Every structure is written in C-alpha cells, then in structure tokens.
Amino acid sequence: RSGAADDFGSIAVTLGASRWLREDRGSEWATATLDEASSQMDPFHVQSFMTSLPKVLRLAGFEQAFIISHHRGALEAMPGKIEIVSKDGRSSVRVVG
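Quick caveat, the model's predicted, so the values are computed rather than measured.

Chemist: It is not clear to me how the overall build of the protein should be interpreted in this structure. Could you clarify?
Modeler: When helices and strands are counted, the protein shows 3 helices and 4 strands. When the helices and strands of the protein are listed from N to C terminus, the series reads α-β-α-β-α-β-β. Projected onto its principal axes, the C-alpha coordinates of the protein cover approximately 45 × 35 × 25 Å. Classification of the 97 residues of the protein by burial places 26% in the buried group. When contacts within the protein are restricted to residue pairs at least 6 apart in sequence, those whose partners lie at least 24 apart make up 64%. With an accessible surface of roughly 6900 Å², the protein has 55% of that area assigned to carbon and sulfur atoms. For the protein, the distance from the average site of its 11 positive side-chain charges to the average site of its 12 negative ones is 4 Å.

Chemist: Help me understand the side chain of Arg-22 in this model?
Modeler: Turning to its location among the elements, Arg-22 is positioned in helix H1 (residues 3–25). Comment: no salt bridge for buried Arg-22; closest opposite-charge side chain is Glu-23, at 4.9 Å. In this structure, Arg-22 is in contact with Ser-27, Trp-29, Ala-30, Ala-60, Gly-61 and Phe-62, ignoring residues within four places of it in sequence.

Chemist: Explain the pairing of strand E2 (residues 64–68) to me, please; I cannot follow it from the model alone.
Modeler: Along any regular strand the residues' side chains alternate between the sheet's two faces. Bridge analysis of strand E1 (residues 31–35) against E2 gives 5 bridges, and the strand direction is parallel. Bridged to Thr-33 within E2 is Phe-66. In this fold, the crossover linking E1 to E2 by way of helix H2 (residues 43–59) has right-handed handedness.

Chemist: I keep staring at the pattern of salt bridges and nothing clicks. Help me out?
Modeler: Opposite charge on two side chains lets them pair, provided their charged atoms get close. Applying the stated rule across the entire model yields 2 salt bridges. Arg-19 is the partner of Glu-23 in a salt bridge, and the nearest nitrogen-oxygen pair spans 2.8 Å. In this pair, Glu-23 and Arg-19 are both assigned in helix H1, 4 residues apart and thus about one turn of the helix distant. Of the residues examined, Arg-19 reaches a relative accessible area of 31% and is grouped as partly exposed.

Chemist: Looking at this model, I keep getting lost on H1. Mind explaining?
Modeler: The periodicity of an α-helix, 3.6 residues per turn, causes residues three or four places apart in sequence to face the same way. The end-to-end C-alpha distance of H1, which contains 23 residues, comes to 33 Å, matching closely the 33 Å that a straight helix rising 1.5 Å per residue would cover. If you check which residues of H1 are buried, you get Ala-4, Asp-7, Ile-11, Leu-15 and Arg-22. For H1, the elements touching its buried residues are E1 and H2.

Chemist: Would you take a moment to explain H2 for this structure?
Modeler: Across its 17 residues, H2 extends 24 Å between first and last C-alpha, which sits within 8% of the 24 Å expected from 1.5 Å per residue. The sharpest bend along H2 comes to roughly 45 degrees, located at Leu-53, with the proline Pro-54 sitting one to four residues further on. Considered for burial, the residues of H2 that qualify are Val-46, Phe-49, Met-50, Leu-53 and Leu-57. Buried-residue contacts for H2 involve H1, E1, E2 and helix H3 (72–77). The distance from a side-chain oxygen at the start of H2 to the backbone nitrogen of Phe-44 is 3.1 Å, and the residue carrying that oxygen is Asp-42. Immediately downstream of H2, the backbone of Gly-61 shows phi near 90 degrees, a positive value.

What counts and what doesn't
Residues numbered from 1 in each chain as written. Predicted model: local features only at pLDDT ≥ 70, side-chain atom pairs only at ≥ 80, totals over all residues. Heavy atoms only, no water. Helix = DSSP H or I, 4+ residues; strand = E, 2+ residues; numbered from the N terminus. Buried < 20%, exposed > 50% of the residue type's maximum accessible area, 1.4 Å probe, protein only. Contact = heavy atoms within 4.5 Å. Areas by Shrake-Rupley, 256 points an atom, 1.4 Å probe, with all protein chains shown as cover. Lys, Arg positive; Asp, Glu negative; His and termini not counted. Charge placed at Lys NZ, Arg CZ, Asp CG, Glu CD. Salt bridge = Lys/Arg side-chain N within 4 Å of Asp/Glu carboxyl O. Pairing = 2+ DSSP bridges. Right-handed = clockwise from strand over helix to strand, strands pointing away. Expected span 1.5 Å × (residues − 1). Bend = angle between axes of the 7 residues up to and from the residue. Polar contact = N/O pair within 3.5 Å; in protein donor to acceptor, adjacent residues only side chain to side chain.

See below:
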C-alpha cells in the first residue's frame, strides 16, 4: 500500500464521517476541512485529485471546503484560496481569486 492510498482512505473516512455527523445532528453546516490531504501523493495525483475535489465535495453534500496544504500544485488547482505566508517571523494573508 502506498502513502497516496492512505491519503485517499483518510479523505474518504473524513468526508463520510463529517457528512454522517452533520446529518445525525441536523446541522446545516456544509463545510469540509481537509488538512494536508494530499501530503503523500505525487504531483500528477495531487493535480488530478484537486481537479476532481469540487465534484467529490458536492456529491458528499458539502458547499465549500477549507483545504490546508503546502503543495503548490494543490493550491494552484483550487478556484479560490486564502494564502497565509510567513516570512521573518511575520505572517501575511491574502485572498487569491
């Protein structure tokens, strides 16, 4: 089994558990959070996964997501992002459309 297989399994469990919990509690909160979901994927699979992620999220009932990633390829594939950059002990935030 590869590290990428672990990533895909983790994503499936996270989205499934989040959806179940939201439905079980009757919550309208439809935002998923994925932290370093593609950390062990190679660049091709990161790009492929991130391109299909919006559809996967919609099918799972999520309207938006917070994706935390250090992979430049993952970030480039997302339609909108909030980028936080730290330099010399200071952080800056910018919204990228």
